[in-house]
Amino acid sequence: MNYQDILSNVAVLGAAGKMGSGISWLLSVEMTNLMLKPENSEKQFVLNAIDVSEQGLQGLLEYVRTQTQKYAERRIEQIKPLYNTAQADVQDSDIIQAYVNDVLSVINTNTDMSAAKDSKLIFEAVSENQSLKVKLFKQIEDVNKNNPWYFTNTSSVPIHSLNEAAGLNGRILGFHFYNPPAVQKLVELITIPENSEQMIDFAKLFAKNIRKVVVPSNDVAGFVGNGFFMRDALFGISKAKELSQTMPLHEAIYCVDKITREYLVRPMGIFQLMDYVGIDVMQFILRVMQQYIPNENLHDELIDEYVLAGVKGGQNSDGSQKDGFFQYQKGRLVAVWCNKSAKYVNFEDFSEKADKLLGEKPTEVKPWKEVIKAENADQLLSEGFNAIKKSSDLACKIAVEYGRNAVKIATQLVNSGVAHKPEDVNTVMRTGFFHAYGPINEYFG
């Protein structure tokens, strides 16, 4: 089968979810672009969007409509040739609307797994639950005689385990999009020895055609992205606990988050990032990783305490941030959860005292937004981190320790064979997490 034959009938499992909706949109656009080629005028392209929620699937269609409208407006000059029209009275708005309609026409929403019976390619984007994934794969195998390929969006479960448990004989690989898939440029590609060259070549070509940056990862639980982030987060929790010997834990969480955001020049502090991912999602991923990496402690009871208290983070259906370690107002951090009192404590009640304890941030340390736009970003980072290393203030000391631990985590991912090379870890963190620099660097080395 060639590229367009494989994409003629595709299924997305969990299509109405946060990740599945973005994957469905990317696929529907690529399939529509193929469908509109003159040589494919007689061919049918079908995207089977499968989810347990009918309401969610209706939301998916609205999401696809909105995203496609924006996409078409931005790329109207590339879309015009697909319609091969030269009439002077044809307006751009007419072409945009035709394109939106064509993209929507590709999608077939369904709550029944049998909708995937003719699919040649299955994208799986359900929760990080190995048993559920295997169950769904087996259901498709029972009704689909095409020997379809499975591209799983798992961010933690080893591909070889899914392959063996579902009896797929190498017809599965990891194609891990980052959230949100429509915006994020990164895809982690996780292959196993049983994969065919044709399958891997297709995965790389598809990623290229939807304009993604591909970073390979070896098949180790957590892969490169979560392999780094989960350990980095656990270190952040450990530093907050250390600080809590001299201040309340909620104040310590505020401090470590501020240090990782402002002193280490990151777009989010480590606890805000945990909120974004979801504290309960983190808990689940860490449990998966622990199962496959038993010789390392990948657990912290603080995560369990927060989840048990119903403090979970994550996003609402409209993309807004749910409260987690922090409470949010219009996207801004305004308060931090206190486990002892079981309520949020406003920053204004303690931030002045906490900031004084941390010390003055060196003026050489520039904000993340300034650094990522600067042509001399390396120089700004070098000057800022050199100033931090010279300071004896508490925040600077913690920042240096945190930065050096990040180097340690990333280097271990390379040395243990999870990442192929140092630059792969750096690319994942810069592209997938929007860091201004990679963790393997000369600043804290």
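All figures in this text were calculated on a predicted structure; none of them were measured in a lab.

About the criteria used
Residues numbered from 1 in each chain as written. Predicted model: local features only at pLDDT ≥ 70, side-chain atom pairs only at ≥ 80, totals over all residues. Heavy atoms only, no water. Axes fitted to C-alpha atoms, helices over the stretch in contact; angles between N-to-C directions. Helix = DSSP H or I, 4+ residues; strand = E, 2+ residues; numbered from the N terminus. Parallel < 35°, antiparallel > 145°, perpendicular 65-115°, else oblique. Left-handed = near helix turned anticlockwise from the far one by under 90°. Contact = heavy atoms within 4.5 Å. Nonpolar A, V, L, I, M, F, W, Y, C, P; charged D, E, K, R; others polar. Pairing = 2+ DSSP bridges. Buried < 20%, exposed > 50% of the residue type's maximum accessible area, 1.4 Å probe, protein only. Patch = residues over 30% accessible without salt bridge, like charges linked within 9 Å, V, L, I, M, F, W, Y side chains within 5 Å. Areas by Shrake-Rupley, 256 points an atom, 1.4 Å probe, with all protein chains shown as cover. Salt bridge = Lys/Arg side-chain N within 4 Å of Asp/Glu carboxyl O. Lys, Arg positive; Asp, Glu negative; His and termini not counted. Charge placed at Lys NZ, Arg CZ, Asp CG, Glu CD. Expected span 1.5 Å × (residues − 1). Arc of directions from axis to C-beta. Polar contact = N/O pair within 3.5 Å; in protein donor to acceptor, adjacent residues only side chain to side chain.

With respect to the packing of helix 3 (residues 54-74) against helix 5 (residues 92-106)
Right, on to step 1. Close contact between helix 3 and helix 5 brings their axes to 9 Å; oriented N to C, the two are set at 140 degrees. Classed by the angle they form, the pair helix 3 and helix 5 counts as oblique. With respect to the hand of their crossing, helix 3 and helix 5 are arranged in right-handed fashion. Every residue of helix 5 that contacts helix 3 at Leu 61, Val 64, Arg 65, Thr 68, Gln 69, Tyr 71, Ala 72 and Glu 73 is listed here: Ile 96, Gln 97, Tyr 99, Val 100, Val 103 and Leu 104.
Right, on to step 2. Residues of the contact of helix 3 with helix 5, tallied by class, amount to nine nonpolar, three polar and two charged.

Section: the sheet that holds strand 2 (residues 46-50)
Each strand in a sheet pairs with its neighbour through backbone hydrogen bonds, running either in the same direction (parallel) or in the opposite one (antiparallel).
Right, on to step 1. Taken in spatial order, the eight strands line up as 3-2-1-4-5-6-7-8 in an open sheet, and their pairing is mixed. Sheet topology places strand 3 (107-110) and strand 8 (213-217) at the edges, where each strand pairs with a single neighbour. Direction aside, neighbouring strands of the sheet carry axes that sit 25 degrees apart on average.
Right, on to step 2. Looking at chain direction, strand 6 (residues 172-177) and strand 7 (residues 186-190) are connected through four bridges and run antiparallel. Bridging across to strand 7, His 176 finds its partner in Glu 188.
Right, on to step 3. The sheet strands contacting helix 18 (residues 422-432) are strand 7 and strand 8, and the helix crosses strand 8 at an angle near 135 degrees.

Points about the pairing of strand 9 (residues 326-329)
Right, on to step 1. Every second residue of strand 9 is oriented toward a common face, the buried set being Phe 326 and Tyr 328 and the non-buried set Gln 327 and Gln 329.
Right, on to step 2. Relative to strand 10 (residues 332-338), strand 9 is paired through four bridges, and the arrangement is antiparallel. By the bridge assignment, Tyr 328 is partnered in strand 10 with Leu 333.
Right, on to step 3. Counting the residues in the hairpin turn of strand 9 and strand 10 gives two residues, including Lys 330, whose phi is positive at 55 degrees.

Some thoughts on a positive patch on the surface
Right, on to step 1. There is a patch of like positive charges on the surface, built from Lys 70, Arg 74, Lys 185 and Arg 211.
Right, on to step 2. Inspection of the secondary structure puts Lys 70 in helix 3.
Right, on to step 3. Owing to a relative accessible area of 43%, Lys 70 belongs among the partly exposed residues under this scheme.

What to know about the pattern of salt bridges
Oppositely charged side chains can form a pair if their charged atoms are brought close together.
Right, on to step 1. This structure, assessed with the given rule, holds 19 salt bridges.
Right, on to step 2. Among the ionic pairs, Lys 43 bridges to Asp 5, the shortest N-O distance being 3.9 Å. Taken as a pair, Lys 43 in the loop between helix 2 (18-35) and strand 2 and Asp 5 in helix 1 (residues 3-6) lie far apart in primary sequence, 38 residues in all.
Right, on to step 3. A relative accessible area of 37% places Lys 43 in the partly exposed class.
Right, on to step 4. With a shortest N-O distance of 2.9 Å, Asp 355 and Lys 258 are connected by a salt bridge.

Details of the environment of Ala 410
Right, on to step 1. For Ala 410, the location among the structural elements is in helix 17 (residues 394-415).
Right, on to step 2. For Ala 410, a relative accessible area of 0% corresponds to the buried category.
Right, on to step 3. Along the sequence, Ala 410 and Met 429 sit 19 residues apart, while their C-alpha atoms lie 9.9 Å from each other.
Right, on to step 4. Setting aside residues no more than four positions away along its own chain, Ala 410 makes contact with Phe 228, Val 425, Pro 439 and Ile 440.

Comments concerning the sheet that holds strand 10
Right, on to step 1. Judged by pairing direction, the sheet is antiparallel, and its three strands sit side by side in the order 9-10-11 without closing on themselves. Taken across any chain shown, the strands that pair with only one partner, and hence form the sheet edges, are strand 9 and strand 11 (343-346). Put simply, the sheet's adjacent strands are angled 40 degrees from each other on average, direction ignored.
Right, on to step 2. Contacting strand 9, strand 10 and strand 11, helix 10 (residues 249-263) crosses the sheet at an angle of about 145 degrees to strand 10.

As for helix 12 (residues 279-292)
Right, on to step 1. Helix length check: helix 12, at 14 residues, gives a terminal C-alpha distance of 20 Å against a target of 20 Å (1.5 Å per residue), a fit within 8%.
Right, on to step 2. Here helix 12 has its buried residues at Ile 279, Met 282, Gln 283, Ile 285, Leu 286, Val 288 and Met 289.

Describing helix 13 (residues 301-308)
Right, on to step 1. Those residues of helix 13 that sit buried are Leu 302, Ile 303, Tyr 306 and Val 307. Looking straight down helix 13, one finds that the buried residues subtend no more than 135 degrees of arc, so they occupy a single side.
Right, on to step 2. Residues of helix 13 that are buried make contact with helix 9 (225-243), helix 10, helix 12 and strand 10.
Right, on to step 3. The backbone nitrogen of Leu 302 lies 2.9 Å from a side-chain oxygen of the residue at the head of helix 13, namely Asp 300.

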